[in-house]
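A closer look at the structure
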Amino acid sequence: MKRLAVLGSTGSIGTATLDVASRFPERFSVVALAAGRNVDLLRGQIVSCRPSLVAVADEADAHSLAAEFPGLDVRHGEAGRLAVALHPAAT
């Protein structure tokens with residue numbers, strides 16, 4: 001099984017990637033997501049993909065998501081994007 005870290009998950013390429021991954025759950029698992037400011041779409045992606053790590057652009061959005069999804073590692077800014085890109089479980 002391939003474990004994916006998706007940068008730009010709320011953009012057109014990211015949403016298409018997640019759509020393909022959802023069609024083949026036996027082949028793909030999403031371990032991390034990075035998005036910009038479309039937190040509403042990201043919320044749905046968190047529910048459907050159940051990643052262990054997400055990153056957003058703004059610190060306030062990160063705090064909001066962390067409160068909404070206890071146990072989820074939520075980061076923000078460049079450091080957050082880097083953490084998603086380097087997620088150790090992504091293959």
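See the structure shown above.
Computed from a predicted model, the values in this text were never measured in an experiment.

1. Examining the packing of aromatic side chains
One pass over the structure, following the stated rule, counts zero aromatic pairs. Here Arg-27 stacks its cationic end above the ring of Phe-24, 5.9 Å away from the centre of that ring.

2. Quick look at the sheet that holds strand β2 (residues 28–34)
The four strands lie next to each other as β1-β2-β3-β4, forming an open sheet whose pairing is parallel. Each edge of the open sheet is held by one strand with a lone partner, namely β1 (2–7) and β4 (73–76). Strand-to-strand twist in this sheet, taken as the mean axis angle between neighbours without regard to direction, amounts to 25 degrees. Where β1 and β2 come together, six bridges link them in parallel fashion. Residue pairing in the sheet places Lys-2 in a bridge with Phe-28 of β2. Running over the sheet, helix α1 (residues 12–23) touches β1 and β2 and is turned about 160 degrees from β1. Sitting on the sheet, helix α2 (residues 39–49) touches β2 and β3 (53–56), and the angle it makes with β2 is about 150 degrees.

3. Some points on the nonpolar core
Ranked by size, the top nonpolar core spans 17 residues in total, and within it Leu-33, Leu-42, Ile-46, Val-54, Leu-65, Leu-72 and Val-74 carry the most contacts. Counting only elements with at least two residues in this core, the list comes to β1, α1, β2, α2, β3 and α3 (59–68). Among the elements that line this core, the one with the most residues is α2, at three residues. Apart from residues no more than four positions distant in its own chain, Ile-46 is found in contact with Leu-33, Pro-51, Val-54, Leu-65, Phe-69 and Leu-72.

4. Quick word on unusual backbone geometry
A positive phi angle, near 50 degrees, is found at Arg-50, a position not held by glycine. Looking at where Arg-50 falls in the secondary structure, it is placed in the loop between α2 and β3.

5. As for the environment of Ser-52
The residue Ser-52 is located in the loop between α2 and β3 in this model. Judged by its relative accessible area of 39%, Ser-52 falls in the partly exposed class. Along the chain, Ser-52 and Gly-71 lie 19 residues apart, while their C-alpha atoms are 8.4 Å from each other. In this structure Ser-52 touches Val-31, Leu-72, Asp-73 and His-87, once residues within four positions along its chain are discounted. At 3.1 Å, the side chain of Ser-52 and the side chain of His-87 are in polar contact.

Definitions and cut-offs
- Residues numbered from 1 in each chain as written.
- Predicted model: local features only at pLDDT ≥ 70, side-chain atom pairs only at ≥ 80, totals over all residues.
- Heavy atoms only, no water.
- Phe/Tyr/Trp six-rings, centres within 6.5 Å; stacked < 30°, edge-to-face > 60°.
- Lys NZ or Arg CZ within 6 Å of the ring centre and 35° of its normal.
- Pairing = 2+ DSSP bridges.
- Helix = DSSP H or I, 4+ residues; strand = E, 2+ residues; numbered from the N terminus.
- Axes fitted to C-alpha atoms, helices over the stretch in contact; angles between N-to-C directions.
- Contact = heavy atoms within 4.5 Å.
- Core = buried A, V, L, I, M, F, W, Y, C linked by side-chain atoms within 4.5 Å.
- Buried < 20%, exposed > 50% of the residue type's maximum accessible area, 1.4 Å probe, protein only.
- Polar contact = N/O pair within 3.5 Å; in protein donor to acceptor, adjacent residues only side chain to side chain.

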